[in-house]
Amino acid sequence: MGSPRVCRASAPAKVILFGEHFVVEGVPAIAAAVSLYTTAVARQPGEGGGVRVCSEGYGCREVWPSKPSSMSQLYHALEKLACTAKLRPALVEVSSEIPVGAGLGSSAAFAAAVLAAYTCYLGLELSREQLSELVYEAERVVHGKPSGIDNTTIVHGGFILFEKGKGFHRLEAKLRGSKLVIAFSVVARSPGEAVRRVLERKKRLGRLGDDLYELAKRLVLEALAALRAGDPVRLGELMDVNHGLLNALGVSTPVIEELVYAARRAGALGAKLTGAGLGGSIIALAWEDDVDKVVKALSSKAASVYVTELGVPGVTWTVLSGC
Ligand code: PMV
């Protein structure tokens, strides 16, 4: 018998470029994988009979076959995997550069990296679709009833047009000469609370709410055209409009507004909150030449600022040793 495999997987963060919240009620949304990563290495454990996960942020836990009090999302995903595959003990070590609670898909990237490394270690050949379903299983535990946009974008990568309950398309997009700046506001956020508040407001607004959702749909179509044409200027302006719509839904905050305006004043082509809002992060699209100015303007106001590539590949995995 050969030596057991050691596998490494790397999962990107995601940003929602257009359509967060509206997506919950069936409006298409556009998301992209970005170049911040969670990395996991799976190997045979020195001792113990279960699947043990160690991360800098959460410490070490056995996540299967016993159900842990934290990281239980992994237990649920592995239980689903156990329906079709024989699981073996493993040690999975995780490190991440994606901030937690920032609206950047850290929980989906965590699950995607762990599950991709672990299934590679088991020698399973899962399709991306199967992997995405497992990550969704984990996300249900973390987020309640997520739309599925995070697991889809992080597993498949690139630019994604996502429609809840209908699936997704990979988009051909090229945004040459521009970069995405992400600023994390540090204000703790609760996606569940934000989604609940938005749905309540939509109900109260009645016809006006329906009109806002209709506008969001048209905005996504315009954004699609701008992405396909590779037009960062148009895209930036549409991001500003999307931020206005999210503001109308009540999920911006004074801190988010301060970051959005700081980015715009510093020369960004457009800026908006990304993800659930009520804190979390903003994204700003900028010409490469203006990126430093935008970063400088955001650095004094945000907890962390990242300059990222948009539309990077989805989760990758590789055998480091063994067979
Ligand atoms: O903040 P995030 O990255 O968890 O994104 C939430 C996006 C919502 O549209 C508000 C909810 C969802 O499930 O799509």
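Residues numbered from 1 in each chain as written. Predicted model: local features only at pLDDT ≥ 70, side-chain atom pairs only at ≥ 80, totals over all residues. Heavy atoms only, no water.

## Structural notes on the site of the ligand
Working step 1: Lining the immediate surroundings of the ligand are 14 residues, of which Lys14, His21, Ser147, Arg189 and Ala276 lie closest.
Working step 2: A distance of 2.6 Å separates an oxygen atom of the ligand from a polar atom in the side chain of Lys14.
Working step 3: Between an oxygen atom of the ligand and a side-chain N or O atom of Ser147, the distance comes to 2.6 Å.
Working step 4: Protein burial of the ligand: of its 380 Å² of free accessible surface, 93% is covered by the chains.
Working step 5: Its residues placed into classes, the shell around the ligand shows 6 nonpolar, 4 polar and 4 charged. (Near = heavy atom within 4 Å. Polar contact = N/O pair within 3.5 Å; in protein donor to acceptor, adjacent residues only side chain to side chain. Areas by Shrake-Rupley, 256 points an atom, 1.4 Å probe, with all protein chains shown as cover. Nonpolar A, V, L, I, M, F, W, Y, C, P; charged D, E, K, R; others polar.)

## Examining the state of the cysteines
Working step 1: Per the stated rule, a full pass over the model turns up 2 disulfides.
Working step 2: The disulfide partner of Cys7 is Cys120, and the S-S distance across this bridge is 2.1 Å. Residues Cys7 and Cys120 are joined through a disulfide that is left-handed, its torsion about the S-S bond being -65°. A residue pair is termed long-range when its members are at least 10 positions apart, and Cys7 in strand 1 (residues 6-18) and Cys120 in helix 2 (residues 106-122) qualify at 113 residues. Each member of the pair Cys7 and Cys120 is classed as buried.
Working step 3: Here Cys54 connects covalently by a disulfide to Cys60, the sulfurs 2.1 Å from one another. The sign of the 115° torsion about the S-S bond sets the Cys54-Cys60 disulfide as right-handed.
Working step 4: Relative accessible area serves as the criterion here: at 14%, Cys54 is assigned to the buried category.
Working step 5: Across the protein chain, the disulfide pattern expressed with sequentially numbered bonded cysteines is 1-4, 2-3.
Working step 6: Cysteine Cys323 is unpaired, with the sulfur of Cys7 as its nearest cysteine sulfur at 11 Å.
Working step 7: The exposure class assigned to Cys323 is exposed, which follows from its relative accessible area of 64%. (Disulfide = S-S within 2.5 Å. Helix = DSSP H or I, 4+ residues; strand = E, 2+ residues; numbered from the N terminus. Buried < 20%, exposed > 50% of the residue type's maximum accessible area, 1.4 Å probe, protein only.)

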